[in-house]
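Reading the structure
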Amino acid sequence: MTLAELSQQTAQDFEKAYGRPPQWIAAAPGRVNVIGEHTDYNDGFVFPMAIERYTVIAAAPARNAAKTIQLRSAQGDSTATIDLTKPLKPAPKGAWFNYPLGVIAGFLSRNQNPGGFEALIHSTVPVGGGLSSSAALEVSTATLLEVITGKKLDPVEKALLAQKAEHEYAGMPCGIMDQFISVMGRKDHLLLLDCRSRKPELVPMTDPSVALLITNTNVKHELTGGEYAKRRAQCEAAAKALGVASLRDADAEMLERGRSKMDSVAYRRARHVISEIERTLHAAEGVRASNWPTVGQLMYASHSSLRDDYEVSCPELDTVVAIAQEIGIKGGVYGCRMTGGGFGGCTVALVKSDQVKAISDHVASEYEKRTRIKPTLFESRPAAGATVVKG
Ligand code: GLA
């Protein structure tokens, strides 16, 4: 479904739910990270792109309750009511509307009060698939509130406000990658983001001979919820042992010299982060030069490092990568790796465009044969970031 079709669908559903057409429509995409995993909260580099999957919010001013916001999700038929006369606070953990709620709280704290409105939300970003459905929901809400209040935020401030919502309302201590790419994505470009300076650089990716193929393993190992925070803490401990502010300031040699100052787990976590930052910069050079075999090799190396040193992969992700490796360049696959936080979700593969169909069919049938789980595959070109569809 294109963004235009999804927006139309959302407008129709809004009218069905609220009995009039929406006045505003805003959208923000999910993302896939090509390389640079678990580097953002270590002040490193990430290299994601927005995907052609969006969260769309249609809204209109509240009719009778000027100080009430009503949010409906088309997916779960679930409604949340927010009373603007009372101080906002997070709903119990796991509530889907914590994301928009946190963003609304962020706008209120900046004295940008949207007043009462009614909204309906639709999304084609798979939830829990590691493609940042939560950032898409936060950033689409922020984009809507910009239109309603008539005041645009600086893009960096907007991404940080969305990240804060995720920290404080959803309880997830994420880095800055997902919100930044959802705000700043550009069609036909990857985003090389320096997470220390927060300086974004758009790198064109227009070569029609390659495509990015995303495979959703359709597993999510929920038991591992606290692992992300644990990884952050282990990285901080490693940086401290090395006497640097963050692992961005360390290199491989420094890590070897400081090896005895940390336990073996912290050492392996740091080895992943330090090598991944390097791989990300090399991959950006590879994309600039359309050197696809090199980019592909770096993706495989990233996966091995995430699996062995960072320990955030899982058997299902490893299975997809193994199948990709078996297909090889001859069969049209340059590289493949897990993408996002890990413990399930998606892989991303760099493939030859004219072989996408054959590769998808093979990965789907092999994966199902080996895991007894049906995967979901789709291709995406680098897409545009958050946008106002109507307003
Ligand atoms: C999640 C977080 C990001 C980033 C990735 C891992 O998606 O939200 O900030 O840390 O994991 O690269």
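One structure accompanies this document, and this report is about it. Quick caveat: nothing in here was measured; it's all calculated off a predicted structure. (Residues numbered from 1 in each chain as written. Predicted model: local features only at pLDDT ≥ 70, side-chain atom pairs only at ≥ 80, totals over all residues. Heavy atoms only, no water.)

**Observations concerning the pairing of strand β9 (residues 333–339)**
With 7 of its 7 residues buried, β9 lies for the most part within the structure. In terms of strand pairing, β9 meets strand β10 (residues 344–352) through 6 bridges, oriented antiparallel. By the bridge assignment for β10, R337 is matched with V348. Linking β9 back to β10 in an antiparallel pair, the connection comprises 4 residues, with G340 at a positive phi of about 90°. (Buried < 20%, exposed > 50% of the residue type's maximum accessible area, 1.4 Å probe, protein only. Helix = DSSP H or I, 4+ residues; strand = E, 2+ residues; numbered from the N terminus. Pairing = 2+ DSSP bridges.)

**Remarks on the site of the ligand**
Near the ligand you find R31, E37, H38, D40, Y41, C174, G175, M177, D178, Y228, G340 and G341, and these make up its full shell. In this structure, an oxygen atom belonging to the ligand sits 2.6 Å away from a side-chain N or O atom of Y228. Within the complex, 95% of the 310 Å² of free accessible area of the ligand lies under protein. When the residues that make up the shell around the ligand are grouped by side-chain class, the tally is 4 nonpolar, 4 polar and 4 charged. (Near = heavy atom within 4 Å. Polar contact = N/O pair within 3.5 Å; in protein donor to acceptor, adjacent residues only side chain to side chain. Areas by Shrake-Rupley, 256 points an atom, 1.4 Å probe, with all protein chains shown as cover. Nonpolar A, V, L, I, M, F, W, Y, C, P; charged D, E, K, R; others polar.)

**Here we look at the pairing of strand β3 (residues 68–73)**
Within a regular beta strand, the side chains point alternately toward one face of the sheet and then the other, so they alternate between its two faces. Here β3 shows a buried face lined by I69, L71 and S73 and an unburied face lined by T68, Q70 and R72. From the end of β3 to the start of strand β4 (residues 78–83), which pair antiparallel, there are 4 residues, and D77 there has a positive phi angle of about 55°. Where β3 lies against strand β5 (residues 117–123), 5 bridges are found, and the strand directions are parallel. Its bridge partner lying in β5, I69 is registered against F117.

**Here's the deal with the pattern of salt bridges**
As enumerated under the stated definition, the model contains 29 salt bridges in all. The salt bridge involving D43 is made with R196; its shortest N-O contact spans 3.2 Å. Linking D43 in the loop between β1 (24–35) and β2 (45–61) with R196 in the loop between β6 (189–194) and β7 (199–204), this pair joins segments that are 153 residues apart in sequence. We classify D43 as partly exposed; its relative accessible area is 23%. A salt bridge links R231 to E227, with the nearest nitrogen and oxygen atoms 2.8 Å apart. Of this pair, R231 and E227 both sit in helix α6 (residues 227–242), 4 residues apart, which is roughly one turn of the helix. For the pair R231 and E227, a shared accessibility class is recorded, and that class is buried. Linked through salt bridges whose partners overlap, the residues forming this network are E37, E276, R279 and R337. (Salt bridge = Lys/Arg side-chain N within 4 Å of Asp/Glu carboxyl O.)

**A short note on the environment of T149**
Within the element layout of this structure, T149 appears in helix α3 (residues 133–149). When the C-alpha atoms of T149 and A62 are compared, they prove to be 14 Å apart, with 87 residues separating the residues in sequence. Every residue in contact with T149, bar those within four places of it in the chain, is listed here: Q112, N113 and P114. (Contact = heavy atoms within 4.5 Å.)

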